[in-house]
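Close look at the chain arrangement
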Amino acid sequence: MLSNPYFKKLKPSYLFKEISEKLCMFKNNNPARTVVDLSLGNTTYPIEKELSEHLASVAYKQSSKNGYLGYGPENGSATLRSKVAKTFYRSTISPDDIFISDGIKCDLGRLQSLLGPGRIVALQDPVYPAYRDVSIIGGAAEVISVPCREENDFFPDIRSLSRIPDVLFLCSPNNPTGTVLNRKQLTSIVNYALENEVLIVFDTAYSLFIADESLPKSIFEIPGAEKCAIEFGSFSKTFGFTGLRLGWSVVPSQLQYSDGAFVQHHWRRVVSTLFNGASSVIQEAGIKALEAYSPQNNAALQYYKTNANLLKDALLSVGFSVFGGDHSPYLWVKLPKELASVDPFDFFLEEYGVAVTPGVGFGSEGEGFVRFSSFGDRSEVELACQRFASREIFVPSGAL
Ligand code: MLT
């Protein structure tokens, strides 16, 4: 059998795997150096003890007749769906439109079966690389970029595209730029999608970082979005479920394809065929996590927000231009032109002992930027800040 031709269009390695390998090599070659890893969005704040005890007790009960959980409903526990609707959508979304999953990345994979090959996919540039790679693996006919530049506040001006895509992926707060679409901007994109029959895939993985009530946390805060969008959400970053795996999708019952078919019917078919649901034990933990949730008492959220503030202050104080970080865990840092010729990954690692993700890894519009993640351990974040504070932007002599 011949290989899958779509793989020929992929880069040989996934961005974050490449970064981890480079970092590992640096550590092996420099065993005496203390490296601070601010490259990946990998969480470090442990889950609350109470939650972990609940998780253990549900797991333990699997050996008893009464506590044993077999397959759950295909779209997830009804209790969890109601709690997601109440916590994240103030009950403006029906629990019947919510599908519990094992995380956004897994849903992105299943999404390819929903869309089928041959689609024109529009992506923000810079972009979270999983959207690009899953679209290619899924057989997209074309992947077109919507440039998000500093002079445009990193807004994806979809109306500037010369072609109308079938699907548009949006992430807000954005990974990697850390910027958030405001109500007016998102309304304009929703209106474009309605006018042009574009399906929006909206990723809200970082929405709990939004502190300003005027900024939309969900696309469904925008009138008409229920007729053009689906949304993905996650327990990973603020509830510490990165390794446990729990998320959800919202596929509104009103959403229809141009031929009249209901997207939710197809999604239900995909989910029931390709997926037997998120782990029942983890779903029980998700219910527990939402029982007492408020942004103020979510310690992990506050921890990462403080990390983001510390990093932003430290980088600004030594002269870097920094975007994001206020309503987002990511800081998008512009490199001074004197550093144009250096490899930003090597530069930050060699000069500061800090691993970052080079902006160009997220797309050509990321050239000249690097992304800092605030999901690191506090003591390491503080160490990185001290290193930045120890001197103004360091420019290697060879780069001038
Ligand atoms: C990232 O660094 O962008 C993260 O690893 C995103 C993810 O959760 O996959």
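Just above sits the structure.
Residues numbered from 1 in each chain as written. Predicted model: local features only at pLDDT ≥ 70, side-chain atom pairs only at ≥ 80, totals over all residues. Heavy atoms only, no water.

Now for the overall build of the chain. Within the chain one finds 12 helices and 13 strands. Across its three principal directions, the C-alpha atoms of the chain cover 65 × 55 × 55 Å. Relative to its 400 residues, the chain shows a buried fraction of 52%. The long-range share in the chain, meaning contacts at least 24 apart out of those at least 6 apart in sequence, stands at 71%. When the accessible surface of the chain is split by element, carbon and sulfur atoms take 52% of a total near 17800 Å². Here the chain contributes 38 positive and 43 negative side-chain charges, whose respective centroids are spaced 4 Å apart. (Helix = DSSP H or I, 4+ residues; strand = E, 2+ residues; numbered from the N terminus. Buried < 20%, exposed > 50% of the residue type's maximum accessible area, 1.4 Å probe, protein only. Contact = heavy atoms within 4.5 Å. Areas by Shrake-Rupley, 256 points an atom, 1.4 Å probe, with all protein chains shown as cover. Lys, Arg positive; Asp, Glu negative; His and termini not counted. Charge placed at Lys NZ, Arg CZ, Asp CG, Glu CD.)

A word on the layout of surface pockets. Taken as a whole, the largest pocket spans an internal volume of roughly 560 Å³. Around the largest pocket, the lining comprises 26 residues; the ones closest to its centre are Thr87, Phe88, Arg90, Glu213 and Lys217. Counting residues per element, the lining of the largest pocket draws most heavily on helix 3 (residues 78-89), which supplies four residues. Taken together, the residues that form the lining of the largest pocket break down as 11 nonpolar, seven polar and eight charged. In this structure, the second largest pocket spans a volume of roughly 470 Å³. The wall of the second largest pocket is formed by 22 residues, among which Gly41, Lys105, Tyr128, Lys237 and Thr242 lie closest to the centre. (1 Å grid on protein atoms, 1.4 Å probe; cavity = no way out; pocket = protein on both sides within 12 Å on 5 of 7 lines; lining within 4 Å. Points joined across faces, edges and corners; volume = space filled by probe spheres on them. Nonpolar A, V, L, I, M, F, W, Y, C, P; charged D, E, K, R; others polar.)

Our focus in this paragraph is the packing of aromatic side chains. For the coordinates displayed, the defined rule picks out 33 aromatic pairs. Ring geometry for Phe209 and Phe375: centres 6.0 Å apart, planes at 90 degrees, overall edge-to-face. Pair noted here: Phe209 is in the loop between strand 6 (199-203) and strand 7 (229-234) and Phe375 is in the loop between strand 13 (369-373) and helix 12 (378-389), with a separation of 166 residues, a long-range link. You can call Phe209 buried: its relative accessible area is 1%. Relative to Tyr304, the ring of Tyr303 has its centre 5.7 Å away and its plane inclined at 75 degrees; by these criteria the two rings are edge-to-face. Of the two residues, Tyr303 and Tyr304, both sit in the buried class. Here a set of aromatic residues connected by ring pairs shows up, and it is made of Tyr14, Phe16, Phe154, Phe323, Trp332, Phe362 and Phe369. It is Arg110 that lies over the ring of Phe275; its NZ or CZ is 3.8 Å from the centre. (Phe/Tyr/Trp six-rings, centres within 6.5 Å; stacked < 30°, edge-to-face > 60°. Lys NZ or Arg CZ within 6 Å of the ring centre and 35° of its normal.)

Moving on to empty space enclosed by the protein. Any space left empty among the atoms is revealed by the rolling of a water-sized probe across them. What the rule picks out here adds up to two cavities of 30 Å³ or more. Considered as a void within the structure, the largest cavity measures approximately 50 Å³ in volume. In terms of lining residues, the largest cavity is bounded by Gln112, Leu115, Gly116, Arg119, Val121, Ser135, Gly138, Ala140 and Phe169. Residues of the lining of the largest cavity, tallied by class, amount to four nonpolar, four polar and one charged.

Let us now look at the sheet that holds strand 7. Spatial strand order, 2-8-7-6-5-3-4: seven strands in an open sheet with mixed pairing. Strands at the two margins of the open sheet, each flanked by one partner only, are strand 2 (98-101) and strand 4 (142-147). Ignoring which end each strand starts from, the neighbouring axes of this sheet average 20 degrees apart. Where strand 3 (residues 120-125) and strand 5 (residues 167-171) come together, three bridges link them in parallel fashion. Across the sheet, residue Val121 finds its bridge partner in strand 5, namely Val167. Contacts between helix 3 and the sheet are confined to strand 2, strand 7 and strand 8 (247-250), with strand 2 contributing the most and set at about 110 degrees to the helix. Packing against the sheet, helix 8 (residues 263-274) makes contact with strand 2, strand 7 and strand 8, and its axis sits at approximately 25 degrees to strand 2. (Pairing = 2+ DSSP bridges. Axes fitted to C-alpha atoms, helices over the stretch in contact; angles between N-to-C directions.)

So, on to the packing of helix 3 against helix 9 (residues 280-291). Two quantities define a packed helix pair, namely the angle between the axes and the distance from one axis to the other. Interaxial distance between helix 3 and helix 9 falls to 9 Å at its minimum, and their mutual angle equals 35 degrees. Every pair of crossing elements has a handedness; the one defined by helix 3 and helix 9 is left-handed. Contact residues: Thr79, Leu80, Lys83, Val84, Thr87 and Phe88 in helix 3; Gln283, Gly286, Ile287, Leu290 and Glu291 in helix 9. A breakdown of the residues in the contact of helix 3 with helix 9 according to their chemical character gives five nonpolar, four polar and two charged. (Left-handed = near helix turned anticlockwise from the far one by under 90°.)

Below, the discussion takes up the environment of Leu316. Within the fold, Leu316 resides in helix 10 (residues 299-317). Separated by 117 residues in sequence, Leu316 and Leu199 have C-alpha atoms that sit 38 Å apart.

Once that is clear, we can look at the site of the ligand. Close to the ligand lie Phe16, Leu40, Gly41, Tyr128, Asn175, Tyr206, Lys237, Tyr330 and Arg371. The contact in question runs from an oxygen atom of the ligand to an N or O atom on the side chain of Asn175, over 2.8 Å. In the model, an oxygen atom of the ligand is placed 2.8 Å from a nitrogen or oxygen of the Lys237 side chain. For the ligand, whose unbound accessible area comes to 270 Å², protein coverage reaches 83%. When each cavity is represented as a set of grid points, the ligand is found to reside in the second largest pocket. A breakdown of the residues in the shell around the ligand according to their chemical character gives five nonpolar, two polar and two charged. (Near = heavy atom within 4 Å. Polar contact = N/O pair within 3.5 Å; in protein donor to acceptor, adjacent residues only side chain to side chain. Sits in = over half its atoms within 2 Å of the grid points.)

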